[in-house]
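Understanding the architecture of this molecule
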Amino acid sequence: MPILHLQMHPGRTDEQKRAFVREATKAAVETLACPPESLEILITEIAKDSWGVGGKLKSEG
């Protein structure tokens with residue numbers, strides 16, 4: 001059972017998330033030769049004040 005985990009900042013619409021899940025499922029089924037029912041996709045939204053890059057929080061600019 002493949003599991004795809006997408007982590008991103010909040011702000012995408014439900015329609016954008018639906019489209020991502022639909023298209024990622026198509027790509028995974030084709031590439032991994034798995035049935036769509038076996039694929040799980042987790043979307044985790046992480047606020048910029050909880051995400052650090054290069055020693056700084058993303059919320060710091």
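In this section: the pairing of strand E1 (residues 3-8). Both E1 and strand E2 (residues 40-45) contribute to a ladder of six bridges, which runs parallel. Of the residues in E2, the one forming a bridge with Met8 is Glu45.

Our next topic: the environment of Lys56. Locating Lys56 in the fold gives a position in strand E4 (residues 56-57). For Lys56, a relative accessible area of 43% puts it in the partly exposed group. Taking the C-alpha atoms as reference, Lys56 lies 34 Å from Thr25; in sequence the two are 31 residues apart. In this view, Lys56 contacts Trp51 and Gly61; residues no more than four positions away in its chain are not counted.

Enumeration over the complete set of coordinates arrives at four salt bridges. Of the charged contacts in the structure, one is a salt bridge between Arg18 and Glu15, with a shortest N-O distance of 3.2 Å. Of this pair, Arg18 and Glu15 both sit in helix H1 (residues 14-32), three residues apart, roughly one helical turn. For Arg18, a relative accessible area of 48% translates into the label partly exposed. When salt bridges with common partners are traced through the structure, they connect Arg22, Glu23 and Lys26 into a single cluster.

The periodicity of an α-helix, 3.6 residues per turn, causes residues three or four positions apart to be oriented the same way. With 19 residues, H1 ought to run about 27 Å at 1.5 Å a step, and its terminal C-alpha atoms sit 26 Å apart, in line with that. Inspection of H1 places Lys17, Ala24, Thr25 and Ala28 among the buried residues, and these make up the whole buried set. Buried positions in H1, seen along its axis, are confined to an arc of 110° and lie on one side of it. Positive backbone phi, approximately 55°, marks Ala33, located one or two places after H1.

Reading the values: the criteria
- Residues numbered from 1 in each chain as written.
- Predicted model: local features only at pLDDT ≥ 70, side-chain atom pairs only at ≥ 80, totals over all residues.
- Heavy atoms only, no water.
- Pairing = 2+ DSSP bridges.
- Helix = DSSP H or I, 4+ residues; strand = E, 2+ residues; numbered from the N terminus.
- Buried < 20%, exposed > 50% of the residue type's maximum accessible area, 1.4 Å probe, protein only.
- Contact = heavy atoms within 4.5 Å.
- Salt bridge = Lys/Arg side-chain N within 4 Å of Asp/Glu carboxyl O.
- Expected span 1.5 Å × (residues − 1).
- Arc of directions from axis to C-beta.

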